Amino acid sequence: MSNLTPAQVIATLSAIGKEIDETTEQLSEVDAKVVRLKHDFEMAYAGTFLNTEGAMEIRRYTAKLSTGDASFVLECAEQELRAVNMKLRALRDRLEIGRSLGPLLRLEWGQA
């Protein structure tokens, strides 16, 4: 099946576990960043909306235009959060594959 030694399998699974821990920490940091950016965007939007005079549509579009950069930064942070989540899922999938192969490798090592 493979030329992997038990030590290599353990090292690989351990490395994946460590990477999961690091990615989980990164996920927490990016999530906090998204929360802060969303708050900043909503406060800026509301402030502009409330301080603008005129019809509702004028107030809404004025607020949208004045907070366009903040909205874009928030969208980028949300995309970063999705990317970290996808990375974490991929790492967990790799770990499960390694766990699934474990019994097969043990059987192969027993026959060698």
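Residues numbered from 1 in each chain as written. Predicted model: local features only at pLDDT ≥ 70, side-chain atom pairs only at ≥ 80, totals over all residues. Heavy atoms only, no water.

(A) Quick peek at the environment of Asp 40. Relative to the helices and strands, Asp 40 resides in helix α1 (residues 6-51). As for Asp 40 and Ser 71, which are separated by 31 residues in sequence, their C-alpha atoms are 9.5 Å apart. (Helix = DSSP H or I, 4+ residues; strand = E, 2+ residues; numbered from the N terminus.)

(B) Region of the structure containing a nonpolar patch on the surface. Among the surface-exposed residues, Ile 97, Leu 101 and Leu 104 lie close enough to one another that they form a single nonpolar patch of about 250 Å² accessible area. Inspection of the secondary structure puts Leu 101 in helix α3 (residues 68-111). The partly exposed category is assigned to Leu 101, whose relative accessible area is 35%. (Patch = residues over 30% accessible without salt bridge, like charges linked within 9 Å, V, L, I, M, F, W, Y side chains within 5 Å. Areas by Shrake-Rupley, 256 points an atom, 1.4 Å probe, with all protein chains shown as cover. Salt bridge = Lys/Arg side-chain N within 4 Å of Asp/Glu carboxyl O. Buried < 20%, exposed > 50% of the residue type's maximum accessible area, 1.4 Å probe, protein only.)

(C) Structural view of the pattern of salt bridges. Taken as a whole, this structure holds 4 salt bridges when the rule is applied. Note that Arg 99 and Glu 96 form a salt bridge whose closest N and O atoms lie 2.9 Å from each other. Note that Arg 99 and Glu 96 are positioned in helix α3 at a spacing of 3 residues, about one turn of the helix. Using a relative accessible area of 42% as the deciding quantity, one classes Glu 96 as partly exposed.

(D) How the structure looks around the side chain of Thr 23. Mapped onto the elements of the fold, Thr 23 is located in helix α1. For Thr 23, a relative accessible area of 1% translates into the label buried. Other than its neighbours up to four places away in sequence, Thr 23 contacts Val 84, Lys 87, Leu 88 and Leu 91. (Contact = heavy atoms within 4.5 Å.)

(E) View of the packing of α1 against helix α2 (residues 56-66). Between α1 and α2, the shortest axis-to-axis distance is 8 Å and the interhelical angle comes to 140 degrees. Considering only the axes of α1 and α2, their crossing is right-handed. Contacts between α1 and α2 involve Tyr 45, Thr 48, Phe 49 and Leu 50 on the former and, on the latter, Met 56, Arg 59, Arg 60, Thr 62, Ala 63, Lys 64 and Ser 66. Residue composition of the contact of α1 with α2, grouped by class: 5 nonpolar, 3 polar and 3 charged. (Axes fitted to C-alpha atoms, helices over the stretch in contact; angles between N-to-C directions. Left-handed = near helix turned anticlockwise from the far one by under 90°. Nonpolar A, V, L, I, M, F, W, Y, C, P; charged D, E, K, R; others polar.)

(F) Broad picture of the environment of Leu 65. Tracing the backbone through its elements, the reader meets Leu 65 in helix α2. Assessed through its relative accessible area of 74%, Leu 65 is described here as exposed.

(G) The packing of aromatic side chains, seen in detail. Throughout the structure, instances matching the rule amount to 2 aromatic pairs. Ring centres 6.0 Å apart and planes at 45 degrees place the aromatic pair Phe 41 and Tyr 45 in the tilted group. With Phe 41 and Tyr 45 both in helix α1, this residue pair falls 4 residues apart, about one helical turn. Seen from their ring centres, Tyr 45 and Phe 49 are 6.4 Å apart, and the 10 degrees between their planes marks the pair as stacked. One end of the pair, Tyr 45, and the other, Phe 49, are both in helix α1, 4 residues apart, so they sit about a helical turn from each other. Residue classification places Tyr 45 among the partly exposed positions, given a relative accessible area of 26%. (Phe/Tyr/Trp six-rings, centres within 6.5 Å; stacked < 30°, edge-to-face > 60°.)

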